[in-house]
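Chains, contacts and geometry: an overview
In case you want the letters, here they are:
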Amino acid sequence: MRGTNSFWHPLLHVFICLVLSCLAFMGSEPAKLSILWFTSFIYAAFRVKGGAIGLVKTHWRSLPLLLSLAFVQLLFRRQGDLLWQFGIISLSREGANYLAVLSLRLLIVILSAKALAVLDFKEFSTAFHSLRLPEEFSFMLSYAVHLVPSLLSSWKGYFQSLKLRGIAINKLSIPNRLKIYKVLALSSLAALIKNSEGQAIALELRGFRSSGERSSMHERRFRFFDWVAIFMIFLAAALYLWL
Amino acid sequence: MLRLENLSLAFGHRQLLQNLSLRLSEGELCWLKGANGSGKTTLLNLISGVIPEYVTAEFEAEIWFGELSLKDLPIREKFRYLWFAQNDPETQFLMPSCEAEIAFALENRGMPAEQIKRQVDSSLNLFGLQNCRWQAPQTLSRGQQKLLLCAIGNALDPPCYLLDEPLSGLSDSSVALVLTWIRLQKAKRKIFLVAEHNDALRHLADKELQLSDATAFVQSGSIHQSAEPDSVLLPLKARGQQHNLDKKPNLLVSTQDLGFAFPGSTQLFSNLSFTVSRHQNILLQGENGSGKSTLLKLMLGLLKPQCGRTAFAGNSQSGFDAGYFRHAYYQPQNTSASLLGLTASQNWLLWKLSLVELPDYPSCADHLLSELSAGEQRLVSQGILPYIIDKFWMLDEPFASLDLQASENLKELLAWKARQRPGMIIVAHASDNLEGIFDEIWTINPTGIEINRVSTEAEQS
């Protein structure tokens, strides 16, 4: 079947992302989390547009967040052996450990979210239909997963519109920048509400949530391979927790 | 039969529709006419149930389809009786492919898979979208998106169609396609209620409903008329703000061996080489999906070509730069992309950051942009044009959704600029009647761009 881009059932992808992000919070050893991060990276690289290079860019963009986490650890966590000290700034073993754990957890969640966001509404619908969950659930989850990417894209659009008017935001004075950010923040919030409303209208005009039995043009059932994959994932997750 | 009886509607103190009654028998088409903001879309929203389920308004209405009261039926059940193709296709597509988009409504009806497939195939073929079957609807051109909305309606095959500006932004051949489809559906005794500015609908209309212009929010063309080009230029000259065109390089855009294709789609352009001079007036034409908007974006660096080079104002291009505004102004086809802020005055305020010499917002009343109709939004976005008359204009489908008066005003402005401050490339269709404005007509076809020079009256004599 064309249109959906995966050999596997969409529910399997939802399941993988769920397992990866759950395991990230169940483990607290940097070595184990590193293995999990690597697994997430490989999985996401196969799923997202742009592959591994795109993910490296995502990591690069997350760097300021990770560095600010590191800074907090440097300043406030003093337990354990002292690894390095300069004046009031010190780095303890526990601080470093905690920094690694937090950073890896964050990256695993980001990678899982990116892999999940590849699924479109149709795939979410197929995934949850096989669990007999209502369509509203698919729509809500699909909307929530795509919320951040769509917000980012609307901001990108706003900055492009500003550029089309000859406004380079980094060359403006601070008060003018603040003026623009205020206007754009409110606009993006309003656009978000309007878009979600527009999408809901568009769906309902085509009978979304209507009474009666639905059919499917391309019925996708859980196949033997999907069950095998689920079993393997369970096994790998159990092994990860047991080790 | 579709019956509307004693229909009145108001948004707060603004009475939009009053005591409106209409009867449409099977096979009849009612052409909804009126200026931008006169309430055409509102009427369609009311019949479809968008009002009051999603938009709050005070209204009284009796809406009957045969013996069934549509007023009491939730939107999600109305798809069995009517199809409403809204004006803005942007927010109406959620599926990963055109096929899935058409199939969605049929799946909700519980139609067997084989029948869905047949309906999808015939609808895609009917509207010439068979090559776009697996393409994401969001990546289609606006004209193709409009055709896709008609294709969904065709597949759904309800007894009544509500179409909001189905011909806007369509090429002449696509307009003919949609009109033929409407004619066929009318022969099948389908009811149509169509809001449209395009006169081509005249031959198919059995009834015309002229909505009052008096309630229009932004009076047609008021922004253009309030700023006569000369009166705008004089104060700019006095302040020394006017750019001296002669000091700028004459060559604005040059491309060499340009090649471009959207991911997963066929090649749109290959080995395309051309130049655009600063004082040229160009009309860019082509079929829907031929790449008109893409070409403008490539010229500006908003899209990156797969191969070849582009230079803008003498500089080799590596992406769009805010500095290009010194030379040219680009207005995209999607109006919301050229409006910023929540209100018309906020939009103007953000313009003042780059054009400090702009006067205060010219309209006496401010409006929420989301409350304006598509045509009114376009009027607001085009309100800046007289103030940047010296720049090279790159306008993508500027006539879409404009009523007749506003279209005439815009044509006048373009004609004035073509004579006094030449320099523009306008994407429009032949049906927009733009004779005498342009020096060259560029037509995009599968083999490249065909350039036809338009001889002026002086050259002819």
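Glancing now at the overall build of chain B. Scanning chain B from N- to C-terminus turns up 14 helices and 19 strands. Put simply, chain B has 461 residues, and 60% of those count as buried.

According to the stated counting rule, one finds 0 disulfides over all chains in the structure shown. The cysteine Cys30 of chain B is free of any disulfide, with Cys160 of chain B supplying the nearest cysteine sulfur at 11 Å.

This part is about the sheet that holds strand S11 (residues 269-277) of chain B. Residue and element names in this part refer to chain B. What the 4 strands build is an open sheet, ordered S11-S10-S13-S14; its pairing is antiparallel. Looking at strand neighbours, the two that pair on one side only are S11 and strand S14 (315-316), the edges of this open sheet. Pairing geometry for strand S13 (residues 307-312) and S14, over 2 bridges, is antiparallel. Paired with Ala311 across the bridge in S14 is Ser316. Each of strand S10 (251-260), S11 and S13 is contacted by helix H10 (residues 292-300), which is oriented at about 65 degrees to S11, the strand it contacts most.

A separate point is the interface of chain A and chain B. Many descriptions give the size of an interface as the accessible area lost when the pieces come together. Contacts between chain A and chain B engage 48 residues on the former and 58 residues on the latter. When chain A packs against chain B, close to 4900 Å² is buried across both sides, 64% of that on carbon and sulfur atoms. In terms of surface lost to chain B, no three residues of chain A exceed Arg165, Arg206 and Met217 of chain A, which account for 21% of the buried area on that side. Summed over the shared surface of chain A and chain B, the number is 3 salt bridges. In this structure, Lys122 of chain A and Glu107 of chain B form a salt bridge, with 2.8 Å as the shortest nitrogen-oxygen distance. At the junction of chain A and chain B, the tally comes to 19 residue pairs in polar contact (both at pLDDT 80 or more).

Residues and elements named next belong to chain B. One open sheet holds the 5 strands; their spatial order is S6-S7-S8-S3-S9, and the pairing between them is parallel. Unpaired on one side and paired on the other, strand S6 (82-85) and strand S9 (207-210) mark the two borders of the sheet. Between one strand axis and the next, the sheet turns through 15 degrees on average, direction left out of account. Relative to strand S8 (residues 191-195), strand S7 (residues 160-164) runs parallel, the two being bridged by 5 bridges. Following the sheet pairing, Leu162 is matched in S8 by Leu193.

The next subject is the domain arrangement of chain A. All names here are of chain A. By domain assignment, chain A separates into domain 1 (1-130 + 220-243) and domain 2 (134-209). Computed from C-alpha coordinates alone, the two centres of domain 1 and domain 2 are separated by 27 Å. Taken together, the contacts link 8 residues of domain 1 with 10 residues of domain 2. For the domain 1 and domain 2 pair, buried surface summed over both sides reaches about 770 Å², with 77% attributable to carbon and sulfur atoms. Considering only the side of domain 1, the residues that lose the most area to domain 2 are Phe121, Phe124 and Phe128, jointly responsible for 66% of the buried surface there. Where domain 1 touches domain 2, the interface holds 0 salt bridges. Put simply, domain 1 and domain 2 have 3 residue pairs in polar contact (both at pLDDT 80 or more) between them. Of the residues assigned to the side of domain 1 that touches domain 2, the class counts are 6 nonpolar, 1 polar and 1 charged.

Below, the discussion takes up the domain arrangement of chain B. All names here are of chain B. The assigned domain composition of chain B is domain 1 (2-210) and domain 2 (222-460). Distance from the C-alpha centre of domain 1 to the C-alpha centre of domain 2: 31 Å. Tallying the contact residues gives 20 residues for domain 1 and 22 residues for domain 2. Between domain 1 and domain 2 the total buried area reaches about 1600 Å² when both faces are included, carbon and sulfur atoms providing 40% of it. Put simply, domain 1 and domain 2 have 0 salt bridges between them. Elements represented by at least two residues in the side of domain 1 that touches domain 2 include exactly helix H6 (142-156) and helix H7 (172-187). By residue class, the composition of the side of domain 1 that touches domain 2 is 2 nonpolar, 14 polar and 4 charged.

The subject of this paragraph is the layout of surface pockets. Residue and element names in this part refer to chain A. Considered as a void within the structure, the second largest pocket measures approximately 520 Å³ in volume. Every residue lining the second largest pocket is counted, 22 residues in all, and those nearest its centre are Leu20, Thr39, Met232, Ile233 and Ala236. Secondary structure elements with two or more residues in the lining of the second largest pocket: helix H1 (10-26), helix H2 (30-47) and helix H9 (224-242). Per-element accounting of the lining of the second largest pocket gives the leading share, 8 residues, to H9. Here the lining of the second largest pocket is built from residues that sort into 19 nonpolar, 2 polar and 1 charged.

All names here are of chain B. Among the structural elements, Arg378 can be located in helix H12 (residues 374-382). Taking the relative accessible area as the measure of exposure, Arg378 reaches 3% and is therefore buried. When sequence neighbours within four positions are dropped, the list of residues in contact with Arg378 reads Gln333, Thr335, Asp396, Glu397, Pro398, Ala400 and Leu402.

Next up on the list: unusual backbone geometry. All names here are of chain B. Pro52 follows Ile51 through a cis peptide bond whose omega is 10 degrees. Turning to its location among the elements, Pro52 is positioned in helix H2 (residues 50-53). Not every positive phi belongs to a glycine, and Asp157 is a case in point at roughly 55 degrees. Secondary-structure assignment places Asp157 in the loop between H6 and S7.

Glancing now at the packing of H6 of chain B against H7 of chain B. All names here are of chain B. Contact pair H6 / H7: the axes reach a minimum separation of 11 Å and the direction vectors enclose 15 degrees. Considered as vectors, H6 and H7 are oriented roughly parallel to each other. Here the hand of the crossing between H6 and H7 comes out left-handed. Counting all contacts with H6, which are made through Leu147, Cys150, Gly153 and Asn154, the residues of H7 involved are Ser174, Val178, Trp181 and Gln185. Across the contact of H6 with H7, the residue classes tally to 4 nonpolar, 4 polar and no charged.

Applying the stated criterion across every chain yields a total of 32 aromatic pairs over all chains. With 6.2 Å between their ring centres and 85 degrees between their planes, Trp155 of chain A and Tyr158 of chain A make a pair best called edge-to-face. Linking Trp155 of chain A with Tyr158 of chain A, this pair stays in helix H7 (residues 147-164), spanning 3 residues, or about one helical turn. Assessed through its relative accessible area of 23%, Trp155 of chain A is described here as partly exposed. Assessed through its relative accessible area of 12%, Tyr158 of chain A is described here as buried. Aromatic ring contacts, followed pair by pair, group Phe121, Phe139, Tyr143 and Phe208 of chain A together with Phe104 of chain B into a single cluster. For Arg223 of chain A, the ring lying beneath its charged end belongs to Phe7 of chain A, and the centroid distance is 4.5 Å. Taking NZ or CZ as reference, Lys391 of chain B lies 4.4 Å from the ring centre of Phe325 of chain B, over its face.

Parameters at a glance
- Residues numbered from 1 in each chain as written.
- Chains lettered and ligands numbered in written order.
- Predicted model: local features only at pLDDT ≥ 70, side-chain atom pairs only at ≥ 80, totals over all residues.
- Heavy atoms only, no water.
- Helix = DSSP H or I, 4+ residues; strand = E, 2+ residues; numbered from the N terminus.
- Buried < 20%, exposed > 50% of the residue type's maximum accessible area, 1.4 Å probe, protein only.
- Disulfide = S-S within 2.5 Å.
- Pairing = 2+ DSSP bridges.
- Contact = heavy atoms within 4.5 Å.
- Axes fitted to C-alpha atoms, helices over the stretch in contact; angles between N-to-C directions.
- Buried area = accessible area lost by both parts, 1.4 Å probe.
- Salt bridge = Lys/Arg side-chain N within 4 Å of Asp/Glu carboxyl O.
- Polar contact = N/O pair within 3.5 Å; in protein donor to acceptor, adjacent residues only side chain to side chain.
- Domains from an automatic or database assignment.
- Nonpolar A, V, L, I, M, F, W, Y, C, P; charged D, E, K, R; others polar.
- 1 Å grid on protein atoms, 1.4 Å probe; cavity = no way out; pocket = protein on both sides within 12 Å on 5 of 7 lines; lining within 4 Å.
- Points joined across faces, edges and corners; volume = space filled by probe spheres on them.
- Parallel < 35°, antiparallel > 145°, perpendicular 65-115°, else oblique.
- Left-handed = near helix turned anticlockwise from the far one by under 90°.
- Phe/Tyr/Trp six-rings, centres within 6.5 Å; stacked < 30°, edge-to-face > 60°.
- Lys NZ or Arg CZ within 6 Å of the ring centre and 35° of its normal.

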